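Results of the structural survey
Spelled out from the first residue to the last, the chains are:
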Amino acid sequence: GKLSTEKTEAWIGVDDGVLYIGARCWDSQPDSIVGLMGRRDNFANSDEFQIGIDAYNDKRSGFFFVINPVGAIIDGTISNDSWLDENWDGIWEAKAQIDDQGWTLEMRIPFSQLRFDKQDEYVWGIGIGRKIQRRDEQSFTTFYPRGESVLASKFAELHGIKNINPPRRMEFIPYAASGYSSLPDEKDNPYYLGSDAYGRVGGDIKIGIGSNLTIDATINPDFGQVESDPASLNLSDFETIYGEKRPFFVEGSSIFTFGTGGPSNRMGFNFSEPDFFYSRRVGQPPHGWIETDGWVKSPSNSSILGAAKLSGKIGSDLSIGAFSAITEREFAEVDEDSVAFAHEVEPVAYFNMFRMLKEFNNGNQGFGILATRVDRNFEADYLTEVLSKNSTAFGLDGWTFIGKERDWALSAWLGRTIINGTKDYITDLQHYPQHYFQKPDAQHVEVDPTITTLSGNGARVILNKEKGNVTVNAALGYIDPSFNSNDLGLTYRSDRLNKHVVIGYNWREPGKVLRRSDLHVAHSTNHNFDGEKINEMFFFFGSTQLINYSSLSFFSGWGPKTISDTHLRGGPMVISPDGYFIEFGYDSDYRKNIVYGGGTDFGGTPYGQKSFGGYLWSSVKLGTQLTMNLEPSFNRYTELAQYIMEIEDSTRIDMFGKRYILAQLDNKRFSASIRLNYTFNPRLSLQTYIQPYVVSGTYSDYKEFEKPRTYDFIHYDEENEWIKYDEENDSYYISNTSGHDLDTQFRYSSFIANAVLRWEFRPSSTLYFVWTRNANDWKTEGNTELGNGVTNLLSLKTNNLFALKVTYWFGA
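Residues numbered from 1 in each chain as written. Predicted model: local features only at pLDDT ≥ 70, side-chain atom pairs only at ≥ 80, totals over all residues. Heavy atoms only, no water.

Quick word on the pattern of salt bridges
The criterion, for reference: A pair is scored as a salt bridge if a Lys or Arg side-chain nitrogen falls within 4 Å of a carboxyl oxygen belonging to Asp or Glu. A run of H or I in DSSP becomes a helix once it reaches four residues, and a run of E becomes a strand once it reaches two; helices and strands are each numbered from the N terminus.
Under the counting rule described, the total for this entry stands at 42 salt bridges. One salt bridge connects Glu 359 with Arg 60, and the closest N-O pair in it is separated by 3.5 Å. Residue Glu 359 is located in strand E20 (residues 348–360), and its partner Arg 60 is located in the loop between strand E3 (48–54) and strand E4 (62–67); the two are separated by 299 residues in the primary sequence. Of the charged contacts in the structure, one is a salt bridge between Asp 222 and Lys 805, with a shortest N-O distance of 3.8 Å. Residue Asp 222 is found in the loop between strand E14 (213–219) and helix H1 (247–250), and its partner Lys 805 is found in strand E44 (residues 798–807); the two are separated by 583 residues along the sequence. One salt-bridge network, in which partners are shared between bridges, spans Glu 6, Asp 27, Arg 130, Arg 134 and Arg 135.

Okay, structure coming up:
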């Protein structure tokens, strides 16, 4: 609420097709202006000039444009009043310059990058801001009260724009790409002879429909310039999820978000809210396989033949979005006894989605619908046993603000999923980790091998206090046992009824020692549809920023003993012990050229299960163009009852005729994320990413639960007839079966390196040169110690990929 320490003047002008912004940012200490060069959307810790434009004047959406004193830019979209998405890249120009009075800037934003209806005279929402980095000062043209999550609704009104027309919008960006791979030789393997090469062409198209709607389409897309996914080793029954990085799917993705309108704070405690659209389902790895003693070369991902998005607004309060994609039928190349043939591993698939959102009463209320559909065209019959024939999902969502001052917000969503397939597939689906219908002691679910359809429902209601120093957030949600959105979305676990409540307080006025602080308590529970309490947690967490701008944070929790219906992965319910965890973190003054921090976490149970981890991080600015980020981490945990496998045994009557083999797992992990970026200018940059990753584990004390609903075990030893120990080979094996050797140790090592030289030689026309190095190794014998794995990272067999890609923008 105070006056800015420095004066800022801005001018706005228009011609027939362009919005112009000019500004003088006065500064009494021009030598102290902080400017950091960075590629688009990738700079921080810098002075900034910001402008937000709500051309619909709906007070909830818009675009924002940012420039810093050395000319680096950020742009993106505004939604839900205050949510910012930097994934949109507009086509506009800007420059800046530092002088002895401060710094100046100019922006040129074509109307084709904005969205507005034809009117005789326009009234646009506009917000202008300035950040002074060394003072951690943010100033705006209008007042934003502390403790309120608002932005577009507080914009000023820009009057005086007349005699302009929404422009015609058409863009075409073709590309050409080629690559060369240097691969490790595999003796006698005809598909890995030391090298490989490829070439491809395609393009993106953007077409404006009227003044408000836009079609974005891509044909035979290539994402070779996208950074590699980080390495991981997953020993749980959850699938590994990676974030979306592919530009076509990232840009404009906010219009497809579901159930997120209204409340600015959407907390979740021990509840994995399902997604109806997880874009990485499109172009995912093939699901098929082939059993052969020959050589196989299988595609790493399904090829996207084409995809298209329709997005925009009709009027100022009706948003619509549609998405459609088709992926190619994929084949593995097989060489068996010198006979070559192709084997289908993925059918043709069609992915479709529609989204509509209507706002009322200046955004105080909203109501939306969503529908998705996936269809597959099979030629190989065996694939009908591992994939659905089709699936459909529907959803309704909405929100309302409560009170004249919008002090509270209430939102809700309701969804239904329907999956159709063969009896074999739907039977297998009921056994998947999302469902576990085979649980022998469950009263509410059982596997039905006769059905060809699985359908389920889910819903959630959220209440959030939007203003003031007191935090209140509460939610109630459920996912019934048959709900599954995984064909085009993401469902971690079904059969859950979750509720939580959070209460906290925020101290926002700076004092002599602390600049701001917050403390919160929370409580959450999960039940399944049998009414069994399967999780309960009490949380205590908070953070503070000291007067010197360094900050501290902690997050802790304790849970009493409950029942687990998933620990045995489809087996009977067993005790989940009471336990605790504590996390601490520290971050230094982020305004400095060298910023650093770290943290630690630990936890355990009364039975001896324990975990410990720590991380460090640093970010170093070397001048205005070079930045280096380093984040090493280490984690160690002991799991007393790690699931190994299940085996039929009619004598185990207490465990419903099965033995669920468990073991103690002592696990260690080392990982580091290293980034080195040099920005020659805002259009030319070199980005590098390196990740060494090693995880090792040792199994011991093989055991099984004595009976359900306990934490008592039958421990195997040398006299036990079920599992034997082979002293000569230091390994365990199951004595009454063949081929079931049990590893006593393992180590997984990975070393990923990625470098991208990016040159935007004209607006939206870009040349990429990419180098990617992938190396990994799985080891169960010999020296599997973590330290030995770290030492040997650089000696792993390596795949090297070199790629060149060029895109060229044609626009009207």
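Past the structure itself, the notes keep going.
Thoughts on the environment of Asp 54
Note the threshold: Any two residues whose heavy atoms approach within 4.5 Å are treated as being in contact. Polar contact is the term for a pair of N or O atoms within 3.5 Å; when the atoms are in protein, one must be able to donate a hydrogen and the other to accept it, and sequence-neighboring residues count only if both atoms are side-chain atoms.
Summarising the element assignment, Asp 54 is placed in strand E3. Taking the C-alpha atoms as reference, Asp 54 lies 9.4 Å from Ser 153; in sequence the two are 99 residues apart. Other than its neighbours up to four places away in sequence, Asp 54 contacts Lys 59, Arg 60, Ser 61, Gly 62, Trp 124, Gly 125 and Phe 155. A distance of 2.7 Å separates a polar side-chain atom of Asp 54 from the backbone nitrogen of Lys 59.

Some points on the sheet that holds strand E18 (residues 330–336)
Put simply, the rule is: In this description, strands pair whenever DSSP reports at least two bridges between them. Axis definition: a line fitted to C-alpha atoms, limited for helices to the stretch in contact. Angles are taken between N-to-C directions and run from 0 to 180 degrees.
The 3 strands lie next to each other as E15-E18-E19, forming an open sheet whose pairing is antiparallel. Here the strands that pair on one side only, and so sit at the sheet edges, are strand E15 (295–297) and strand E19 (339–346). With direction set aside, neighbouring strand axes in the sheet form an average angle of 25°.

A look at the sheet that holds strand E1 (residues 8–14)
The sheet built from 4 strands is open, its strands ordered E1-E2-E8-E7 with antiparallel pairing. Strand pairing shows two members of the sheet lacking a second neighbour, E1 and strand E7 (93–99), which therefore form its edges. Averaged over all adjacent pairs, the angle separating strand axes in this sheet is 10°, with direction ignored. In this structure, E1 lies alongside strand E2 (residues 18–26), joined through 7 bridges in antiparallel fashion. Within E2, the residue paired with Ile 12 across the bridge is Ile 21.

Thoughts on the nonpolar core
Applicable threshold: Grouping buried Ala, Val, Leu, Ile, Met, Phe, Trp, Tyr and Cys residues that are joined through side-chain atoms within 4.5 Å yields what is termed a nonpolar core. Each residue gets one of three labels from its accessible area relative to the maximum for its type: buried under 20%, exposed over 50%, partly exposed in between, using a 1.4 Å probe on protein chains only.
Ranked by size, the top nonpolar core spans 29 residues in total, and within it Phe 49, Ile 51, Ile 53, Phe 65, Met 107, Leu 114 and Trp 124 carry the most contacts. Residue assignment for this core shows that the elements contributing at least two residues are E2, E3, E4, strand E8 (102–110), strand E9 (121–132) and strand E11 (156–162). If sequence neighbours within four positions are ignored, Phe 65 has contacts with Phe 49, Gln 50, Ile 51, Ile 53, Ile 74, Asp 75, Trp 88, Trp 92, Met 107, Ile 109 and Leu 114. Core analysis: the second largest hydrophobic core is formed by 22 residues, Phe 248, Phe 258, Ala 349 and Trp 413 among them.

Topic: the environment of Arg 636
Along the chain, Arg 636 falls in strand E35 (residues 626–648). Accessibility expressed as a relative area gives 43% for Arg 636, which makes it partly exposed. Sequence separation of Arg 636 and Gly 614 is 22 residues, and the distance between their C-alpha atoms is 9.3 Å. Not counting the four nearest positions on each side in its chain, Arg 636 is found in contact with Lys 610, Ser 611, Phe 612, Asn 667 and Lys 668.

Details of the environment of Asp 480
Residue placement: Asp 480 occurs in the loop between strand E25 (470–479) and strand E26 (496–507). On the basis of relative accessibility, which here comes to 13%, the residue Asp 480 falls in the buried class. Between the C-alpha atom of Asp 480 and that of Arg 652, which follows or precedes it by 172 residues, the distance is 31 Å. Ignoring sequence-local partners within four residues, the contact set of Asp 480 consists of Gly 456, Asn 457, Ser 494, Asp 495 and Phe 529. Within the structure, the side chain of Asp 480 is placed 3.1 Å from the backbone nitrogen of Phe 483, a separation counted as a polar contact.

A short note on helix H2 (residues 423–431)
For H2, every residue scored as buried is listed here: Tyr 425, Ile 426, Thr 427, Leu 429 and Gln 430. Contact partners of the buried residues in H2: strand E23 (408–420) and strand E24 (453–465).

A look at unusual backbone geometry
Backbone geometry at Asn 80 places phi at a positive 50°, although glycine is not the residue there. Positionally, Asn 80 belongs in the loop between strand E5 (73–79) and strand E6 (83–85). With a phi angle near 60°, Asn 163 is a residue other than glycine that sits in the positive phi range. With respect to the element layout, Asn 163 can be found in the loop between E11 and strand E12 (170–182). Judged by relative accessible area, which is 69%, Asn 163 ranks as exposed.

Let's talk about the packing of aromatic side chains
To be explicit about the condition: Only rings of Phe, Tyr and Trp enter the pairing, Trp through its six-membered ring, and a pair is recorded when the two centres are within 6.5 Å. The plane angle decides the type: under 30 degrees is stacked, over 60 is edge-to-face, the rest tilted. Only when the NZ of Lys or the CZ of Arg is both within 6 Å of the ring centre and within 35 degrees of the ring normal is a charge said to sit over the ring.
Applying the stated criterion across every chain yields a total of 43 aromatic pairs. Each ring, one from Tyr 607 and one from Tyr 711, has its centre 4.5 Å from the other, and the planes form 50°; the classification is tilted. Within this pair, whereas Tyr 607 is found in the loop between strand E33 (594–604) and strand E34 (610–622), its partner Tyr 711 is found in the loop between strand E37 (684–705) and strand E38 (713–715), the two being separated by 104 residues in sequence. Relative accessible area serves as the criterion here: at 42%, Tyr 607 is assigned to the partly exposed category. An aromatic cluster is present here, built from Phe 223, Phe 248, Phe 249, Phe 256, Phe 277 and Phe 323 joined pairwise through their rings. Just above the ring of Phe 223 sits the side chain of Arg 246; from NZ or CZ to the centre is 5.6 Å.

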